[in-house]
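Structure assessment
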There are 2 protein chains.
Amino acid sequence: MIKTSHPTTVGRGPADHEMRNQIVTAATEHFSRYGYEKTTVSDLAKEIGFSKAYIYKFFESKQAIGEMICANCLSDIESEVRAAVAQVERPPEKLRRMFKVIVESSLRLFSQDRKLYEIATSAAAERWQSTVVYEERLQALLRDVLQEGRQTGDFERKTPLDETAAAIHLVMRPYLNPLILQHSLDYANEAPAQLSSLVLRSLSP
Amino acid sequence: MIKTSHPTTVGRGPADHEMRNQIVTAATEHFSRYGYEKTTVSDLAKEIGFSKAYIYKFFESKQAIGEMICANCLSDIESEVRAAVAQVERPPEKLRRMFKVIVESSLRLFSQDRKLYEIATSAAAERWQSTVVYEERLQALLRDVLQEGRQTGDFERKTPLDETAAAIHLVMRPYLNPLILQHSLDYANEAPAQLSSLVLRSLSP
């Protein structure tokens, strides 16, 4: 692996930032056509028209590029979920939206772009930082909705918040994690409504 | 694939039954040492000391042998779950036991016999008959427990039974299906208690 002598100073300036984006854009297209696993950094370099060494100035490995693409995809899903939750007032409806949009957005990624989904499964299997951050952020959003529902009196307050949040996260997890989602496609249509109804019954004061 | 002229008459007599068992026992040992995917029917025939054609008189394919082994494993898990549920009186405790023993037994299979677990994952991926039957039987058991709890007054009766049963099955599914279970190992310790508490809160009258 080729590294510059001052890796921390690379990719910080505006020109570097643009260069990184250019690599990520080209890589996204290349991966979505040929698949992530099969592509090497040499293939990418050839495609973009730079040397392999030059790409390594910006990303230390293929995984680092995949991480960036994956982080972008997951951040898109997160934005959609946040937007859907913000559109409604009552905490129970917010929770329903969370389940619905998590499943819908993840499935869209799965069906529209099978080759990019491959990156997400690698990411989940190897627990890349981007997937850990994604799960943590959605857990934080869940917690906010739960806390709000406790304040409005929509949700019970007897169970410790940590316990409630952890259990609901376990219920959501099969639809957050692309490795599991691919084995749950048969249930993906009914799951959001059925599971959110069950969870809301469990939260009733 | 070699078949006898009257396949339906094969494997029915007591001697045939014994022969089938002998093949299954030898195959279980062979698979658990060398793995299911890597073993061919020729390997098995060599190991048992019969011709390939003779094995094909009893099983029409390697998968048919795998099906039998898988059905045996799943039926062991089912028996353990049923026994655990029968040991306690109250429906809420029965439900807790179901979650607990499903996860424990499946994990035992997973950790003790990694090579046999491979059969279970093939079975789940290809939806072999044995896994479909297994899921249906556990769903029937769940339904019985729910119905009993509705009669004793432990569980609410407003939600249609079908809906309750389907939703709880969705919550259990990640721990019933070996393909999903292998991606849930980090949560397997706390999941049974956390999920059954959530489900019981959702069932409270």
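Residues numbered from 1 in each chain as written. Chains lettered and ligands numbered in written order. Predicted model: local features only at pLDDT ≥ 70, side-chain atom pairs only at ≥ 80, totals over all residues. Heavy atoms only, no water.

**Comments concerning the overall build of chain A**
Counting its regular elements, chain A contains ten helices and zero strands. Secondary structure elements of chain A, listed N to C terminal, follow the sequence α-α-α-α-α-α-α-α-α-α. Taken along the three principal axes of its C-alpha coordinates, chain A extends 60 × 35 × 25 Å. Considering chain A as a whole, with its 205 residues, one finds that 50% of them fall into the buried category. Summarising the internal contacts of chain A: among those between residues at least 6 apart in sequence, 70% fall at separations of at least 24. (Helix = DSSP H or I, 4+ residues; strand = E, 2+ residues; numbered from the N terminus. Buried < 20%, exposed > 50% of the residue type's maximum accessible area, 1.4 Å probe, protein only. Contact = heavy atoms within 4.5 Å.)

**A closer look at the UniProt feature "domain: HTH tetR-type" (unreviewed entry) in chain A**
In the numbering used here, UniProt assigns the "domain: HTH tetR-type" (unreviewed entry) feature to residues 17–77 of chain A. In this annotation, residues 17–77 of chain A is assigned 80% helix and 0% strand; the end-to-end C-alpha distance for the span is 23 Å. (UniProt positions renumbered as here; feature names shortened; annotations may be inferred.)

**Some thoughts on the relation of the copies chain B and chain A**
Rotating chain B by 180° about the axis while translating it 0.0 Å along that axis superimposes it on chain A, leaving an RMSD of 0.0 Å. These values place the two chain copies in the arrangement generated by a two-fold rotation axis. Closest approach to the rotation axis among the C-alpha atoms of chain B is made by S202 of chain B, whose C-alpha sits 1.7 Å away. Of the residues that chain B buries at the interface, 100% are likewise interface residues in chain A, meaning the two copies contact each other through the same surface. (Least-squares fit on C-alpha atoms with pLDDT ≥ 70 in both.)

**A look at the confidence of the model for chain A**
All names here are of chain A. Across chain A, pLDDT averages 87, with 94% of residues at or above 70. Helix α10 (residues 191–203) holds the highest mean pLDDT among the elements of chain A, 97, whereas helix α6 (residues 114–125) holds the lowest, 80. Note on residues 1–9: pLDDT under 50 across the span, and eight contacts to partners over four residues away in sequence or across chains. (pLDDT = per-residue confidence, 0-100.)

**Digging into the packing of helix α8 (residues 161–176) of chain B against helix α10 (residues 191–203) of chain B**
Residue and element names in this part refer to chain B. Contact pair α8 / α10: the axes reach a minimum separation of 11 Å and the direction vectors enclose 175°. Considering their axes alone, α8 and α10 lie roughly antiparallel with respect to each other. Contacts between α8 and α10 involve T164, I168, V171 and Y175 on the former and, on the latter, A191, L195, V199 and L203. Classifying every residue of the contact of α8 with α10 by side-chain character gives seven nonpolar, one polar and no charged. (Axes fitted to C-alpha atoms, helices over the stretch in contact; angles between N-to-C directions. Parallel < 35°, antiparallel > 145°, perpendicular 65-115°, else oblique. Nonpolar A, V, L, I, M, F, W, Y, C, P; charged D, E, K, R; others polar.)

**A word on the packing of helix α4 (residues 62–86) of chain A against helix α7 (residues 129–152) of chain A**
Residues and elements named next belong to chain A. Two elements in contact, α4 and α7, have axes whose closest approach is 9 Å; the angle formed by their N-to-C orientations is 10°. Overall, the two elements α4 and α7 adopt an arrangement that is roughly parallel. Residues E67, C70, A71, L74, I77, E78, V81, R82 and V85 of α4 lie in contact with α7, whose contacting residues are Q129, S130, T131, Y134, R137, L138, L141 and V145. Partitioning the contact of α4 with α7 into residue classes produces ten nonpolar, three polar and four charged.

**Topic: empty space enclosed by the protein**
All names here are of chain A. This structure, assessed with the given rule, holds four cavities of 30 Å³ or more. The space that makes up the largest cavity amounts to roughly 100 Å³. Every residue lining the largest cavity is listed: L74, A120, A124, R127, T131, V132, Y134, E135, L176, N177 and P178. Elements with a minimum of two residues in the lining of the largest cavity: α6 and α7. Looking at which element gives the most residues to the lining of the largest cavity, the answer is α7, with four residues. Among the residues forming the lining of the largest cavity, the class breakdown is seven nonpolar, two polar and two charged. (1 Å grid on protein atoms, 1.4 Å probe; cavity = no way out; pocket = protein on both sides within 12 Å on 5 of 7 lines; lining within 4 Å. Points joined across faces, edges and corners; volume = space filled by probe spheres on them.)

**Here we look at helix α5 (residues 91–112) of chain A**
Residues and elements named next belong to chain A. Along its 22 residues, α5 runs 31 Å from first to last C-alpha, staying within 8% of the 32 Å computed at 1.5 Å per residue. Residues of α5 that are buried include every one of P91, K94, L95, M98, F99, V101, I102, V103, S105, S106, L109 and F110, and no others. At its buried positions, α5 is contacted by α4, α6, α7, α8 (161–176), α9 (178–181) and α10. (Expected span 1.5 Å × (residues − 1).)

**What about the domain arrangement of chain A?**
All names here are of chain A. Domain assignment breaks chain A into domain 1 (7–60) and domain 2 (68–203). A straight line from the C-alpha centre of domain 1 to that of domain 2 covers 31 Å. Counting residues at the interface gives twelve residues for domain 1, matched by ten residues for domain 2. Summing both sides of the interface, domain 1 and domain 2 together bury roughly 880 Å²; the carbon and sulfur share of this comes to 67%. Linking domain 1 with domain 2 are zero salt bridges. Remark: the boundary between domain 1 and domain 2 carries three residue pairs in polar contact (both at pLDDT 80 or more). (Domains from an automatic or database assignment. Buried area = accessible area lost by both parts, 1.4 Å probe. Salt bridge = Lys/Arg side-chain N within 4 Å of Asp/Glu carboxyl O. Polar contact = N/O pair within 3.5 Å; in protein donor to acceptor, adjacent residues only side chain to side chain.)

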